[in-house]
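# Architecture and fold: a report
Here are the chains, one letter per residue:
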Amino acid sequence: MKVNEFIVLKHFVVSRYTMAILPYLLNSDVYAKVIEEDGEYIVKKTPTDIIKHSCDYYGCSFQGRKEGTKALIGITHKAPIAIEPANGIYVFPTSSPRDSGCVWLSHMHVYQYEPAKYERTVVYFRNGKSVSLDVSYKSFVNQLYRTAQLRTKLADRMEARERKLQYIFRMQQEKDVTEHE
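Description of the structure in this document. The structure displayed is predicted, hence computed values, not measured ones. (Residues numbered from 1 in each chain as written. Predicted model: local features only at pLDDT ≥ 70, side-chain atom pairs only at ≥ 80, totals over all residues. Heavy atoms only, no water.)

### Description of the overall build of the protein
Along the protein, the regular secondary structure elements total 3 helices and 11 strands. Secondary structure elements of the protein, listed N to C terminal, follow the sequence β-β-β-β-β-α-α-β-β-β-β-β-β-α. A total of 181 residues make up the protein; the buried ones form 40% of that total. Residue pairs at least 24 apart in sequence account for 46% of intrachain contacts in the protein once pairs closer than 6 positions are excluded. Counting every atom, the protein has about 10800 Å² of accessible surface; 50% of that belongs to carbon and sulfur. Between the averaged position of the 26 positive side-chain charges in the protein and that of its 21 negative side-chain charges there is a distance of 6 Å. (Helix = DSSP H or I, 4+ residues; strand = E, 2+ residues; numbered from the N terminus. Buried < 20%, exposed > 50% of the residue type's maximum accessible area, 1.4 Å probe, protein only. Contact = heavy atoms within 4.5 Å. Areas by Shrake-Rupley, 256 points an atom, 1.4 Å probe, with all protein chains shown as cover. Lys, Arg positive; Asp, Glu negative; His and termini not counted. Charge placed at Lys NZ, Arg CZ, Asp CG, Glu CD.)

### Details of the environment of Tyr-124
Relative to the helices and strands, Tyr-124 resides in strand S10 (residues 120-125). Sequence separation between Tyr-124 and Glu-114 is 10 residues; the distance between their C-alpha atoms is 8.6 Å. With sequence-adjacent residues up to four places away left out, Tyr-124 is seen in contact with His-109, Val-110, Tyr-111, Gln-112, Tyr-113, Glu-114, Lys-129 and Ser-130.

### Section: the nonpolar core
Core analysis: the largest hydrophobic core is formed by 17 residues, its most contacted members being Val-14, Ile-21, Ile-50, Ile-51, Ile-81, Ile-83 and Trp-104. Breaking this core down by element, the ones donating at least two residues are strand S4 (29-36), strand S5 (39-43), helix H1 (47-57), strand S6 (81-84) and strand S7 (89-93). Sorting elements by how many residues they give to this core places H1 first, with 3 residues. Residues contacting Ile-83, with those up to four places away along its chain left out, are Val-14, Ile-51, Ser-54, Cys-55, Tyr-58, Arg-65, Ile-89 and Val-91. (Core = buried A, V, L, I, M, F, W, Y, C linked by side-chain atoms within 4.5 Å.)

### Examining the pattern of salt bridges
If you walk through the whole model with that rule in mind, you get 2 salt bridges. The salt bridge involving Lys-33 is made with Glu-40; its shortest N-O contact spans 3.4 Å. A salt bridge links Asp-134 to Arg-120, with the nearest nitrogen and oxygen atoms 3.9 Å apart. With a gap of 14 residues between them, Asp-134 in the loop between strand S11 (130-133) and helix H3 (137-179) and Arg-120 in strand S10 connect regions that are remote in the sequence. Judged by its relative accessible area of 28%, Arg-120 is partly exposed. (Salt bridge = Lys/Arg side-chain N within 4 Å of Asp/Glu carboxyl O.)

Rendered as structure tokens:
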């Protein structure tokens, strides 16, 4: 089905190609307008429902991801979400996820941003597309930095674990070599 030249989907899972998920009013229902690198879609779910479904799809609940954010960086309100950290899929909300006007943005796709009139922010994506959002510049920058902090913390932990595993592996190899001499 198509609405206003958009393909309408029943379900959607956030991927590395997803740049933004915005609320979209259709016949007095709140759906989502998904902006991907290669196109835009209307999804018959709210933006936050898409984020929750995507967390489930990648094997962790939305609540679990929120608790992980709290444990790592202490953020509980408007928390950034690591949907799938191994693939760099981190998103952040522009307002409370319970707010019908909440927009979710992919951290990896934000290229530039600038303040606009009436407490708005214009966000430019890496592929040249842009959106004007109903969020103050200061709030937007705060959300962007929180997400960067979450990405960095998780990356540091994953790297430290990898180093530890490599160390254990090398120690085991050394032990095997000395036992066979």
